[in-house]
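Structural overview for review
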Amino acid sequence: MAFVSFLIPCFVIGTDIAFSCQNTDDFVGASSPGDIVIGGLFAVHSEMLRPEEYPIKPVIQNCAGFEIQIFLQTLAMIHAIETINNSTLLSGVTLGYEIYDTCAEVTKAMASALRFLAKFNSSEDVVEFKCNYSDYIPRIKAVTGASYSEVSMAVSRLLALQLIPQVSPASSAEILSDKIRFPSFFRTIPSDFHQTRAMAHLICESEWNWIGVIATDDDNGRFALESFGVQAMANNVCIAFKEMLPAYLSDNTFHTKVDHAIEKIVKETRVNVIVVFMRQFHVLKLFKKAIERNVNKIWIASDNWSAAVKISTIPNIRQLGTIVGFGFKSGDISTFQDFLRNLHEKPTDNNKFLHEYIMLLSVCAHLEYHDFQMCISNQSQDDLLQNADNKHQVWRDDFLNANIEPGFIHSTILAIYAIAHAIKGQCKDRNCKNPSAFTPWELVEELKKVTVIDDDKEIKFDSNGDMSTSYDVLLWKEIDGHMEITTMAEYDPEKGDFIFKDEEKKKEFLDLKKVQSTCSQHCRPGQMKKVTESPHTCCYECVYCPENHYSNQTDMDYCYRCNNKTYWAPVNSTTCYRKTIHFLAWTDWFAIFLLLLSAFGVVLVLSIGVIFTKNLNTPVVKASGGLTVCYIILFSHFLIFLSTIFFIDEPTEFKCKTRQALFGISFALCISCILIKSLKILLAFSFDPKLQNFLKCMYKPIPTVVTCTGIQVIICTFWLIFRTPFVKQNFSIPKAIILECNEGSVVAFGIMLGYIAALAFICFIFAFKGRKLPENYNEAKFITFGMLIYFIAWIVFIPVYATTFGKYLPAVEIIVVLISNYGILCCTFLPKCYIIIYKQETNTKSAFLKMIYTYSSKSAGSVAVSQISLDSKSSSSRATLSDSHKSEKNSVNGNCHFQVPGQTLIKGKVLSKNTVRTMARKRLSSI
């Protein structure tokens, strides 16, 4: 049956096992004389009892809760001193010790420190007050301890008054590295800075970011929590909750706060990793409650309890989950283990701790392992007194060996050897058998230079008084039904790396990742974290990267932006894709179609040229202005068709500059020639004298064509010089780069097109006036229709061109160019070709004369009638009936007034047929 533990109300032992402090010598837990005495401060008991009387008096109280692990550290100190005394390290100088129990209480530790400060050989333990302690010789030369940082902080400040060196094997608080506040403090372990960084590194490597922290509400717990918080933040780890437990078990709120901490752990279901900065007896209470509530987590242990056998032997400890801890690097402690095997032979007169342990063994001998251990921790001294006569002494050296925490034992031995080497340095030229040979402050300076050989490695104190030893990463594993504390890896504080002995150990480390402890699910590549309303950055939502953004790692805070000019990315993308370069290529079906249309236009131009060349002397060709004019017009049409080639395939600087200039100048030349034709036709068939005189002045074929075309040449030249077109990459389409020609100046482009439109409009006006030519030769009517096609095409082009983008933008202009070019070409030449090929009987000189004669007769009669009408209107206000009659007679007799173009007015006669024929020949020759 399990042993039922009892809280110790007090330790009151009389006779030979009395532990109460009656005088100062009773205050010492273990001692041994020597030439040089070293003090020791260890929390052999876990708490100091509260006084029951009221009012409270300044009396040092007894302690409760025997701590096997700390007791072993006192034995390690004794073993190290005895080993040194039996060696040649100090050559005849013996070391003594005075070890005091701090009971994990600052007050008790301060009382011990006061005795350390007492003057040597003072029977009354008097501490002298001085302004200068340079020559002061206290009872001890150095101190080892204390077990807890909070105690060390207080003791170190007091010892600093006389600069007595203090070398701690267990106090790891980061603040103790401050040499201004703690000038004589040293330690043989790393500071908590390295431990908390190692913990944060482990958490980060295991991909946890949502954890809980439980710590004791004392200086050590608060400083450790603060240091860990900084390291956690640096590694993007969030602390979901922090629970602080009272530093002393005697606190009335202790159990309530333990229950509250367990409730918090159970409530936070997403928190599966708990970091614990507590003393062993705190962890013991916490874990017992956690087992009752079936809590299963990953527990990260601080160096205080990571190797605590007392905790690892709790019944059902496996139910708590996985325990990973950081312990101080251990060395070879085989000699200490041999020392423990012979411990029962040691006298207990000067070692009250050993005497108490032997009595506890006797009382608890009948119990199994864990109950035996709990019995030792909780047995009251009253029970020891009552059972002392009824129990025979037993010895269980296996129990002590099983409870060894190698890291603490090794660091304790290392601390004694560091002090011994410093003493050796001081004793080179001095007689150290004389207690006044050197003072403690001289030993402080010597410690700063000490180098200790440990496992064939030289180690020494750094500028902060710390020894940069490494950590063992410990994993609690169940082996054969028992929880074993195994070394999984080594952590190097200097490099910040985990070192594994073999692949199996590394696999154990990597297996920790199987447990998830995150506030939010991991964001996959292609997603980013979006912070929610939670104050913690680890709580977020995963959202897709927007278009043109990507993420290629998990849990990215933001998405990288693609270079929008050359790359693109879809939504939820893990990479950027290079944009494809688009342009109207030769192989594009639409480009091929447009090229076929242009080619057909070229063939049509050549065909018309051949037809006109073969029928050079026919009236139709002559009426078209002759072969020279036709060739110029056909050549300009050919160039316009040719210019479409420069709109296709990858744009270049040459193409961009050539295509618009070639098109603009060719079109201007074409319309200039057609304008001259329109003027000539209107001049030939106009019967209005004023209009005819104006047309004669305007009709200058070569200067007109050169001037009209030259203006366009000047426009294009200025355009190409000052705002030349260039190749532009258009990034408006997300997935592609459009290579296109930027016209350089929209104004210049507009002026070029506007000038062509102006010429076409003038041509349209003149052609419109001559639209009623002979039906067999009505060229002005077709010119008018061709200009209308041009206007419609380019009016439609402007909005379409302005609203179109992409690789087919050049195709829009090609289409308009082809439509306008085909319209003018077909309207100008196809009717003539039709007459030449299919109406050959009308393509003779006699047929043209007859046609013109008929048209001239009608035109002349129309002009005469118009003149009479005008004369009648002018004389109507004063004419009489008789005048009208005369006028009618004259009219009957053929007396009318009309004027043939180019001749004087003829009165009283009707034109004869010969005169009309003569006029027809003149018009034919003028055409």
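In this text the structure is predicted, and so the values were computed from the model without any measurement.

1. Observations regarding the overall build of the protein chain
Of regular secondary structure, the protein chain possesses 28 helices and 29 strands. Classification of the 927 residues of the protein chain by burial places 52% in the buried group. Taking the contacts inside the protein chain whose residues are at least 6 apart along the sequence as the reference set, 70% of them involve residues at least 24 apart. Roughly 43,100 Å² of accessible area belongs to the protein chain as shown, and the carbon and sulfur atoms make up 57% of that amount.

2. Digging into the confidence of the model for the protein chain
Residues at a pLDDT of 70 or more form 83% of the protein chain, whose mean pLDDT is 82. Ranking the elements of the protein chain by mean pLDDT puts strand β28 (residues 897-898) last with 34 and strand β7 (residues 166-168) first with 97. Considering only residues more than four positions removed or in separate chains, one finds that residues 1-19, a stretch of pLDDT under 50, has 48 contacts. Taken together, the stretch residues 863-927 has pLDDT below 50 and engages in 68 contacts with residues farther than four places along the chain or on a different chain.

3. Examining the side chain of Gln195
Positionally, Gln195 belongs in helix α4 (residues 192-205). Residue Gln195 is classed as buried on the basis of its relative accessible area of 1%. Apart from residues no more than four positions distant in its own chain, Gln195 is found in contact with Ser172, Ser302, Asp303, Phe326 and Tyr471.

4. Things to note about the pattern of salt bridges
Under the definition given, this model contains 26 salt bridges. Residues Asp218 and Arg279 are paired through a salt bridge, measuring 3.2 Å at the closest nitrogen-oxygen approach. Linking Asp218 in the loop between β9 (210-216) and α5 (219-234) with Arg279 in the loop between β11 (273-277) and α7 (280-292), this pair joins segments that are 61 residues apart in sequence. Residues Asp588 and Lys807 are paired through a salt bridge, measuring 3.2 Å at the closest nitrogen-oxygen approach.

5. Let's talk about a nonpolar patch on the surface
Side chains of Phe785, Leu788, Ile792, Val796 and Val800 sit close together on the surface and give an oily, nonpolar patch of about 440 Å² of accessible area. Position of Val796 relative to the elements: it lies in helix α24 (residues 779-803).

6. Topic: the sheet that holds strand β18 (residues 497-499)
Ordered by their spatial adjacency, eight strands build an open sheet running β10-β9-β11-β12-β13-β16-β17-β18, and the pairing between neighbours is mixed. A strand with exactly one partner marks an edge of an open sheet, and here the two such strands are β10 (238-245) and β18. Shown here is a sheet whose adjacent strand axes are inclined to one another by a mean of 25°, direction ignored. Bridging between β9 and β11 involves four bridges; their strand directions are parallel.

7. Notes on the pairing of strand β17 (residues 482-492)
The side chains of a regular strand alternate, first on one face of the sheet and then on the other. The pairing of strand β16 (residues 471-479) with β17 spans nine bridges and is antiparallel. In the sheet register, Leu475 faces β17, and the bridge partner there is Thr486. Between β16 and the antiparallel strand that follows it, β17, lie two residues; Asp480 among them carries a positive phi value of about 55°. Note: β17 against β18, three bridges, orientation antiparallel. Within β18, the residue paired with Tyr491 across the bridge is Phe498. Linking two consecutive strands that pair antiparallel, namely β17 and β18, is a turn of four residues; a positive phi of about 70° is found at Gly496 within it.

8. A few points about the side chain of Gln73
Looking at the element boundaries, Gln73 is found in helix α1 (residues 68-85). On the accessibility criterion, Gln73 (3% relative accessible area) is buried. In contact with Gln73, not counting residues within four places along its chain, are Phe42, Pro169, Phe408, Ile409 and Thr412.

9. Quick notes on helix α16 (residues 503-510)
If you check which residues of α16 are buried, you get Lys505, Glu508 and Phe509. Taken down its axis, α16 places every buried residue within 100° of arc, on the same side. Projecting away from the buried face of α16 at angles above 90 degrees are the exposed residues Glu503 and Glu504. Where α16 is buried, its residues meet α4, β16, β17 and β18. Its side-chain oxygen placed 3.2 Å from the backbone nitrogen of Glu504, Asp502 serves as the N-cap of α16.

The rules behind each value
- Residues numbered from 1 in each chain as written.
- Predicted model: local features only at pLDDT ≥ 70, side-chain atom pairs only at ≥ 80, totals over all residues.
- Heavy atoms only, no water.
- Helix = DSSP H or I, 4+ residues; strand = E, 2+ residues; numbered from the N terminus.
- Buried < 20%, exposed > 50% of the residue type's maximum accessible area, 1.4 Å probe, protein only.
- Contact = heavy atoms within 4.5 Å.
- Areas by Shrake-Rupley, 256 points an atom, 1.4 Å probe, with all protein chains shown as cover.
- pLDDT = per-residue confidence, 0-100.
- Salt bridge = Lys/Arg side-chain N within 4 Å of Asp/Glu carboxyl O.
- Patch = residues over 30% accessible without salt bridge, like charges linked within 9 Å, V, L, I, M, F, W, Y side chains within 5 Å.
- Pairing = 2+ DSSP bridges.
- Axes fitted to C-alpha atoms, helices over the stretch in contact; angles between N-to-C directions.
- Arc of directions from axis to C-beta.
- Polar contact = N/O pair within 3.5 Å; in protein donor to acceptor, adjacent residues only side chain to side chain.

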